[in-house]
Amino acid sequence: MDALIVVDVQNDFCPGGALPVPDGDLVVPVINRLMESFPLVVATQDWHPANHKSFAANHPGRQPGDVIELAGVLQILWPIHCVQGTEGAEFHPDLNRAGIHVVFQKGTDPEVDSYSGFFDNARKHDTGLHEFLQRRGVARLFVCGLATDYCVKFTCLDGRSLGYEVFLVLDASRGVELHTGDVAKAIDEMKAAGVIPIESTEIAMVR
Ligand code: VGL
Ligand code: ZN
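About the criteria used
Residues numbered from 1 in each chain as written. Chains lettered and ligands numbered in written order. Predicted model: local features only at pLDDT ≥ 70, side-chain atom pairs only at ≥ 80, totals over all residues. Heavy atoms only, no water. Core = buried A, V, L, I, M, F, W, Y, C linked by side-chain atoms within 4.5 Å. Buried < 20%, exposed > 50% of the residue type's maximum accessible area, 1.4 Å probe, protein only. Helix = DSSP H or I, 4+ residues; strand = E, 2+ residues; numbered from the N terminus. Contact = heavy atoms within 4.5 Å. Pairing = 2+ DSSP bridges. Axes fitted to C-alpha atoms, helices over the stretch in contact; angles between N-to-C directions. Polar contact = N/O pair within 3.5 Å; in protein donor to acceptor, adjacent residues only side chain to side chain. Near = heavy atom within 4 Å. Nonpolar A, V, L, I, M, F, W, Y, C, P; charged D, E, K, R; others polar. Donors = N, O, S within 2.8 Å, 3.2 Å for Na, K, Ca; no water. Tetrahedral: all angles 85-135°; square planar, octahedral: opposite > 155°, others 65-115°.

1. A look at the nonpolar core
Right, on to step 1. Counting 60 residues, the largest nonpolar core has Leu4, Ile31, Leu133 and Leu141 as its most contacted members.
Right, on to step 2. Looking at this core, the elements with two or more residues in it are strand E1 (2–7), helix H1 (27–35), strand E2 (41–46), helix H2 (129–135), strand E6 (140–146), helix H3 (151–161), strand E7 (165–174) and helix H4 (182–192).
Right, on to step 3. A total of six residues in this core trace back to one element, the largest contributor, which is H1.
Right, on to step 4. Setting aside residues no more than four positions away along its own chain, Leu133 makes contact with Ala3, Ile5, Leu40, Val42, Phe118, Val138, Leu141 and Tyr164.

Right, dumping it as structure tokens:
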């Protein structure tokens, strides 16, 4: 069984949002089309409480982009984004919400960030996504969404470490590119872990 994993296609990660990914909204029509051909569509949603410690604003004197230690791991500080119940945390209005079978929320613990859809960054807690996929007999993940160099990357890497065959759908994903080359580096890291980059138009050839 194949699953489409739609990562964090939320207003705050799209142009006009709090943590905009360049051209982030362009993934929406591509993902809507992909949804139609998958038997199982899972979405992740970055879902932070207002006091989340990944927000620079919750560390007096710190700026977005600064790096601190949080839950024993390095943490980039971000602008306030995807706060539970806000417009910014909602899925992009054009994303086909009805095409999503289940949503896994992450980043709810204020003390630790969670880029991956499977585990928090300290790998202390899981979201239940792995168990869900196991129970449905999923062996292959087609991962897409925002952002290629953070949440998409860590979802792909954890997927590999859990034993899934993982495809990264390039034209259905975009990166933050905080530093030039971050997206290319992320794709190289994923490839080194066995992730297979693919264009949405090529998926029919492997399914
Ligand atoms: C993300 C930074 C902070 C993402 C989430 O979805 O890639 N990036 N929170
Ligand atoms: Zn976040």
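That covers the picture; the talk isn't over yet.
2. Structural notes on the sheet that holds strand E8 (residues 196–198)
Right, on to step 1. Pairing in this open sheet of six strands is parallel, and the strands run E5-E2-E1-E6-E7-E8 from one edge to the other. Each edge of the open sheet is held by one strand with a lone partner, namely strand E5 (102–106) and E8. Geometrically, the sheet is characterised by an average inter-axis angle of 25° between neighbouring strands, direction not taken into account.
Right, on to step 2. Sheet topology places E7 next to E8; three bridges connect them, and they run parallel. The residue bridging Val169 from the neighbouring strand is Ile198, located in E8.
Right, on to step 3. Its contacts with the sheet put H1 on E1, E2, E6 and E7, and the angle it makes with E7 is roughly 140°.
Right, on to step 4. In this fold H3 packs onto E1, E5, E6 and E7, with an angle of close to 165° to the strand it touches most, E6.

3. Digging into the side chain of Ser114
Right, on to step 1. Here Ser114 is to be found in the loop between E5 and H2.
Right, on to step 2. Looking at Ser114, the relative accessible area reads 5%, which means it is buried.
Right, on to step 3. In this structure the side chain of Ser114 is engaged in a polar contact, spanning 3.5 Å, whose partner is the backbone oxygen of Ser116.
Right, on to step 4. In this structure the side chain of Ser114 is engaged in a polar contact, spanning 3.3 Å, whose partner is the backbone oxygen of Phe119.
Right, on to step 5. Look past the residues within four positions of Ser114 in its chain and what remains in contact with it is Asp46, Lys106, Gly107, Phe119, Asp120, Asn121 and Cys151.

4. Here we look at the site of ligand 1
Right, on to step 1. Lining the immediate surroundings of ligand 1 are Asp8, Phe13, Leu19, Asp46, Trp78, His81, Tyr115, Leu146, Ala147, Tyr150 and Cys151.
Right, on to step 2. Contact between ligand 1 and Asp8: an oxygen atom at 2.7 Å from a side-chain N or O atom of the residue.
Right, on to step 3. Within the backbone of Leu146, one N or O atom sits 3.4 Å away from an oxygen atom of ligand 1.
Right, on to step 4. Partitioning the shell around ligand 1 into residue classes produces eight nonpolar, one polar and two charged.

5. What to know about the coordination of the zinc ion (ligand 2)
Right, on to step 1. Surrounding the zinc ion (ligand 2) are the protein donor atoms Asp46 (OD), His48 (NE2) and His81 (NE2), at 2.0 to 2.2 Å.
Right, on to step 2. With four donor atoms in place around the zinc ion (ligand 2) and angles of 87 to 169° between them, the coordination shape is irregular.
Right, on to step 3. One chain supplies every donor to the zinc ion (ligand 2), and in sequence these donors are spaced D-x1-H-x32-H. A residue pair is termed long-range when its members are at least 10 positions apart, and Asp46 in strand E2 and His81 in the loop between strand E4 (73–76) and E5 qualify at 35 residues.

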